[in-house]
Amino acid sequence: MSWHQELLVSFDLETTGTDIERDRIVTAALIRLEGDGRAVDKRSWLLDPGVPIPEEATAIHGISTSYVQEHGSSPGAATEEITEALAEALRADIPLVVMNARYDLSLLDRECRRHGLRTLSERLGHIPAPVVDPLVLDKHVDRYRRGKRALQALCEHYGVPLDAAHEAGADAVAAAGVARRIGEKYPAVALPSPRALHALQETAAAGQAASFQAYLRRSGDPRARVEGAWPLIPHQP
């Protein structure tokens, strides 16, 4: 059987912003899903990041600074639990679904470093794998489709329900659903080995980043270079 017909673990973060070097985790969810899509185990975390949550972020995920101060866990302890839970899944070679893995896994890496914890890569002895990234896969199989490719847009395109966007658990389940639909629809990525799929995505993500950088150059866009590493942006000491 292919990876999309088997057990998956899906992961999602909601955060204080989009800067992996500066922003913090607010909520996290890790959902274990059987091949038929049934969620058989759910873990979630609410963290007090120790910094104010900007109003723009609260407007997206609905979580305020005052709420996490009252109900949130210590960020160091929660980050340890989250990272070890991911490590357990990957040690068992269960594919880890992460929408835009380059962002979520890199931000988690920086949180570990901030709190003096072993990173996911250090626990595994290698870059996190096998990872399944619906964003990278969708760009690979349908390169020239116009329109947005955020999770909500992908759910609409592939007919996957998303009832509570920007709630980490709902987003994790939806990301797994999108990944499965891509595997069902496109034989080229319905590989029997999750490791082979991971390698395919590494190559695809690098090519996608290079293409976007070329587009920025052609359009005279002054934005910084696009990071090509996937699924983790290396830490710069």
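The structure under discussion appears in the preceding block.
Residues numbered from 1 in each chain as written. Predicted model: local features only at pLDDT ≥ 70, side-chain atom pairs only at ≥ 80, totals over all residues. Heavy atoms only, no water.

1. Focus: the packing of aromatic side chains
Tallied over the full model, the rule gives one aromatic pair. Measuring from ring centre to ring centre gives 5.9 Å for Phe 212 and Tyr 215, while their planes differ by 20 degrees; the resulting arrangement is stacked. One end of the pair is Phe 212 and the other is Tyr 215, both in helix α9 (residues 194–219) and three residues apart, which spans about a single turn. The partly exposed category is assigned to Phe 212, whose relative accessible area is 34%. Accessibility expressed as a relative area gives 44% for Tyr 215, which makes it partly exposed. (Phe/Tyr/Trp six-rings, centres within 6.5 Å; stacked < 30°, edge-to-face > 60°. Helix = DSSP H or I, 4+ residues; strand = E, 2+ residues; numbered from the N terminus. Buried < 20%, exposed > 50% of the residue type's maximum accessible area, 1.4 Å probe, protein only.)

2. Here we look at the packing of helix α6 (residues 134–141) against α9
Relative orientation of the contacting elements α6 and α9 amounts to 70 degrees, with a least axis distance of 9 Å. Accordingly, the angle class assigned to the pair α6 and α9 is roughly perpendicular. Contact with α6, carried on its side by Val 136, Leu 137, Lys 139 and His 140, involves Leu 197, Leu 200, Gln 201, Ala 204, Ala 205 and Gln 208 of α9 and no other residues of that element. The residue makeup of the contact of α6 with α9, split by class, is six nonpolar, three polar and one charged. (Axes fitted to C-alpha atoms, helices over the stretch in contact; angles between N-to-C directions. Parallel < 35°, antiparallel > 145°, perpendicular 65-115°, else oblique. Contact = heavy atoms within 4.5 Å. Nonpolar A, V, L, I, M, F, W, Y, C, P; charged D, E, K, R; others polar.)

3. Some thoughts on the side chain of Asp 104
Positionally, Asp 104 belongs in helix α4 (residues 101–114). Salt bridges are absent for the buried Asp 104, whose nearest opposite-charge side chain, Arg 102, sits at 11 Å. Sequence-distant contacts of Asp 104, that is, excluding residues within four places in its chain, are made with Phe 11, Asp 12, Leu 13, Val 98 and Met 99. (Lys, Arg positive; Asp, Glu negative; His and termini not counted. Salt bridge = Lys/Arg side-chain N within 4 Å of Asp/Glu carboxyl O.)

4. Let's talk about the sheet that holds strand β4 (residues 96–98)
Across the sheet, five strands lie side by side as β3-β2-β1-β4-β5; this open sheet has mixed pairing. For this open sheet the edge positions go to β3 (39–46) and β5 (131–132), each flanked by a neighbour on one side alone. Direction of pairing for β4 relative to β5: parallel, over a ladder of two bridges. When the bridges of β5 are listed, Val 97 appears paired with Val 132. Along the sheet, helix α3 (residues 75–91) makes contact with β1 (8–15), β2 (25–33), β3 and β4, crossing β3 at roughly 155 degrees. Across the sheet, α4 touches β1, β2, β4 and β5, and the angle it forms with β1 is around 70 degrees. (Pairing = 2+ DSSP bridges.)

5. A look at helix α8 (residues 168–185)
Taking 1.5 Å per residue, 18 residues should reach 26 Å; α8 reaches 26 Å between its end C-alpha atoms and fits that length. Counting buried residues along α8, 14 of its 18 residues qualify, which places the element largely inside the surrounding structure. Sitting at the amino-terminal end of α8 is Glu 167, which places a side-chain oxygen 3.1 Å from the backbone nitrogen of Gly 169. (Expected span 1.5 Å × (residues − 1). Polar contact = N/O pair within 3.5 Å; in protein donor to acceptor, adjacent residues only side chain to side chain.)

6. Structural notes on the pairing of β1
Of all eight residues in β1, eight are buried; the element is thus mostly enclosed. Burial along β1 is two-sided: Leu 8, Ser 10, Asp 12 and Glu 14 and Val 9, Phe 11, Leu 13 and Thr 15, pointing in opposite directions, are all buried. In the sheet, β1 pairs with β2 via eight bridges, with the strands oriented antiparallel. Its bridge partner being in β2, Asp 12 is matched across the sheet by Ala 29.

7. Structural notes on the pattern of salt bridges
Within this structure, the stated rule accounts for 14 salt bridges. With a shortest N-O distance of 2.6 Å, Asp 138 and Arg 149 are connected by a salt bridge. Taken together, the positions of Asp 138 in helix α6 and Arg 149 in the loop between α6 and α7 (151–158) put the pair 11 residues apart, joining distant regions of the chain. Residue Asp 138 is classed as buried on the basis of its relative accessible area, which comes to 0%.

8. Quick look at the layout of surface pockets
Space inside the second largest pocket adds up to approximately 740 Å³. The wall of the second largest pocket is formed by 25 residues, among which Glu 14, Thr 18, Asn 100, Tyr 103 and His 166 lie closest to the centre. Among the secondary structure elements, those contributing two or more residues to the lining of the second largest pocket are β1, α1 (55–61), α4 and α7. Split by residue class, the lining of the second largest pocket holds 11 nonpolar, eight polar and six charged. (1 Å grid on protein atoms, 1.4 Å probe; cavity = no way out; pocket = protein on both sides within 12 Å on 5 of 7 lines; lining within 4 Å. Points joined across faces, edges and corners; volume = space filled by probe spheres on them.)

9. Here we look at the pairing of β2
Of all nine residues in β2, eight are buried, a share of seventy percent or more. Counting the residues between successive antiparallel strands, the hairpin from β2 to β3 contains five residues, one of them, Gly 37, with a positive phi of roughly 95 degrees.

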